[in-house]
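An overview of the molecular structure
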Amino acid sequence: RSIGCEFRRIQFTPDLLPSDILGVSILDPGEREFRFQPGPVFTDLLLAEMVEKDEVSYDTTIGELLGSDFAFANDAVADISLLELATHTSGLPRLPANLAPTDQLDPYKGYDEDALLQGIATSRDKQPLGNHYAYSNLGVGLLGYLLGRVHGEGYEAALVELVIEPLGLEATGFERAEGSATPFR
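Residues numbered from 1 in each chain as written. Predicted model: local features only at pLDDT ≥ 70, side-chain atom pairs only at ≥ 80, totals over all residues. Heavy atoms only, no water.

The subject of this paragraph is the overall build of the protein. Within the protein one finds eight helices and two strands. Put simply, the protein runs from its N terminus to its C terminus through helices and strands in the order α-β-β-α-α-α-α-α-α-α. For the protein, the proportion of its 185 residues judged to be buried stands at 39%. Per element, the accessible surface of the protein, about 11,100 Å² overall, is 51% carbon and sulfur. (Helix = DSSP H or I, 4+ residues; strand = E, 2+ residues; numbered from the N terminus. Buried < 20%, exposed > 50% of the residue type's maximum accessible area, 1.4 Å probe, protein only. Areas by Shrake-Rupley, 256 points an atom, 1.4 Å probe, with all protein chains shown as cover.)

And the structure:
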C-alpha cells in the first residue's frame, strides 16, 4: 500500500522461482560464508527510495528519462511509467527480442547497455502493449538501468548507497568470489 497499488500474488513456475524475485545466496569458499546476490525486488526498494528523495516519481516515464532524441518503434513504450515497470504491468515482453544467450548459467552475459537500449527501442513494434500483469525481465532490467542513470553512478552504486548500506546488509552484493558455488536453477 505504500506505493498505492493493489497486491497480486506471483505464480511461481519451473522457470520462475522465488530466488528469481528475491535473490539467491551463493557460497564463497574462500570466506566460507554465503553472500546474498539481490533479485529484482531490490530494484523496487530502490525505486521507493528514489521516489522518497524526489529524484523520480512513480509516474515518471521511460521517454522522459531516455530523452526526446530516443527513438521507439512503438511510441506507447515511451509512455510506460516506472510504476508499471516495477509492478510488471508495462506490457513489455518477459525477455528482450535481441537477447541471444551464449552462457546457460548467465543468460545475460554480454547483454550490455547498448543491447538493452536497442531491445527497448525495438520492443513491441506494431503490437499493442496491454496493461495486465506479466513478469518482465526486460522491464525490471530497464527499471534498474534507468534508476542507475538518474542516480548518476549506475544501478549497483545506487542500490548499495540507497538500499543495501542503509539496511545494514553487509553480506549482500553483486560480485561472486572465485570458486563460488553456482545457484541451482
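Taken residue by residue, helix H8 (residues 155-164) has Ala158, Leu159, Leu162, Val163 and Ile164 as its buried positions. Along the axis of H8, the buried positions cluster into a sector of 150°, meaning they face one direction only. (Arc of directions from axis to C-beta.)

It is worth spelling out the nonpolar core at this point. The tendency in soluble globular proteins is for nonpolar side chains to be buried side by side. Of all hydrophobic cores here, the largest spans 38 residues; its most connected members are Leu47, Ile62, Leu66, Leu82, Leu85, Leu142 and Leu146. With six residues, the single largest contributor to this core is helix H7 (residues 137-151). Setting aside chain neighbours within four positions, we find Ile62 in contact with Phe72, Val77, Ala78, Ile80, Leu85, Leu142 and Leu146. (Core = buried A, V, L, I, M, F, W, Y, C linked by side-chain atoms within 4.5 Å. Contact = heavy atoms within 4.5 Å.)

Taking 1.5 Å of rise per residue, the twelve residues of helix H2 (residues 41-52) would be expected to cover 16 Å, and the 17 Å separating its terminal C-alpha atoms lies within 8% of that figure. Among all positions in H2, only Phe42, Thr43, Leu46, Leu47, Met50 and Val51 are buried. Asp54 occupies a position one or two residues after H2 and carries a positive phi of about 60°. (Expected span 1.5 Å × (residues − 1).)

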